[in-house]
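# Commentary on secondary and tertiary structure
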Amino acid sequence: MNIRTRLVAGSLSGLAVLAGAVAATSPAQAADAAHSARVARVAAAEPVVQTGVLSADAALKIADAALKEAVKQKQRVTVVIVDRSGATRLVLKGDGAGPQTEESARRKAFTAVSFGRTTSELGKGVNGGGPSIADIPGTLFLGGGVPVASGGAPVAGIGVGGAPSGDIDESIAQAGLKAVAGQLR
């Protein structure tokens, strides 16, 4: 048996185990697991893996729409866009936004793209009963982080920080996402 055959066989065995685990999860977790399985299968078969990246133009459209929504709501916020790896692609600090807003927005964007869910949704599952995902460095589980997905996988995260509540920050981030939603595949 050659190395490629062993890699494919090992991947298929891993997928069988994964399929059993997916059966006991939610539809969103099942989709994430299926995507991870596809990525693992491709990674085993190919030496180079292609990933989607949000274009600079799309990031600018998102940030512009989000900041316009913030002005409309009379909020002083910062908008941060990160790529799939969590690297900052864009920071747009609105007039009058406080010094803490950039870090808050960056961490919300990072959290949203890392887990592929809004930070408000993720925050509902965090409790003080011991170690949790909230212990992961760089994450922030306050409302205002929204993932950007293409082909069912997160490709970027939008973070908004500065409004007096996470619900307002998230509505601003959602307005940004709406600006490009029809263009994402």
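Everything numeric here is computed off the predicted structure, so don't read it as measured data.

Criteria and cut-off values
Note that residues are indexed from 1 along each chain, following the sequence as it is written. In keeping with the model being predicted, local features are shown solely for residues with a pLDDT of at least 70 and side-chain atom pairs are shown and tallied solely at 80 or more, while totals for entire chains, interfaces and linings include all residues. No hydrogens and no water enter the side-chain calculation; it runs on all heavy atoms of the structure. Burial classes follow relative accessibility: with a 1.4 Å probe on protein chains only, a residue under 20% of its type's maximum area counts as buried, one over 50% as exposed, and anything between as partly exposed. Strands here mean DSSP runs of E at least two residues long; helices mean DSSP runs of H or I at least four residues long; both are numbered from the N terminus. Pairing between strands is defined by DSSP: at least two bridges between them are needed. Definition of a polar contact: a pair of N or O atoms within 3.5 Å, with one able to donate and the other able to accept a hydrogen when the atoms are protein atoms, and with sequence-neighbouring residues admitted only if both atoms are side-chain atoms. The angle between two axes is taken between their N-to-C directions and runs from 0 to 180 degrees, where each axis is a line fitted to C-alpha atoms and a helix contributes only its stretch in contact. Contact definition: two residues touch when any of their heavy atoms are within 4.5 Å. Between rings of Phe, Tyr and Trp, where Trp is taken as its six-membered ring, a pair exists when centres lie within 6.5 Å; planes separated by under 30 degrees are stacked, by over 60 edge-to-face, and by other angles tilted.

We now examine the pairing of strand E1 (residues 78-83). Residues in a regular strand project their side chains so that they alternate between the two faces of the sheet. Summarising burial for E1: six of the six residues are buried, a large majority. Neither face of E1 is open: one carries Thr 78, Val 80 and Val 82, the other Val 79, Ile 81 and Asp 83, and all of them are buried. Sheet topology note: the E1/strand E2 (residues 88-93) ladder contains five bridges and is antiparallel. Note on E2: the bridge partner recorded for Val 80 is Val 91. Counting the residues that bridge the hairpin from E1 to E2 gives four residues, and of these Gly 86 lies at a positive phi of roughly 90°. Where E1 lies against strand E4 (residues 153-161), six bridges are found, and the strand directions are antiparallel.

This brings us to the environment of Ser 114. For Ser 114, the location among the structural elements is in helix H4 (residues 101-115). Sequence separation between Ser 114 and Ser 85 is 29 residues; the distance between their C-alpha atoms is 7.9 Å. A distance of 2.6 Å separates a polar side-chain atom of Ser 114 from the backbone oxygen of Phe 110.

A few words now on the sheet that holds E1. Two modes of strand pairing occur in sheets, parallel and antiparallel, and in both the strands are linked by backbone hydrogen bonds. Strand order in the open sheet formed by four strands is E2-E1-E4-E3, with antiparallel pairing between adjacent strands. In the strand order of this sheet, the two ends are held by E2 and strand E3 (145-150), each with one partner. Pairwise comparison of adjacent strand axes, ignoring direction, gives a mean angle of 15° for this sheet. Sheet strands in contact with helix H3 (residues 56-72) are E1, E2, E3 and E4, and its direction is about 25° off that of E2.

Before going further, it helps to spend a moment on the packing of aromatic side chains. If you walk through the whole model with that rule in mind, you get one aromatic pair. A centroid spacing of 6.1 Å and a plane angle of 50° characterise the contact between Phe 115 and Phe 141, whose relative ring orientation is tilted. Here Phe 115, found in helix H4, pairs with Phe 141, found in the loop between helix H5 (119-124) and E3; they are 26 residues apart in sequence, far enough to count as distant. The class for Phe 115 is partly exposed, based on a relative accessible area of 23%.

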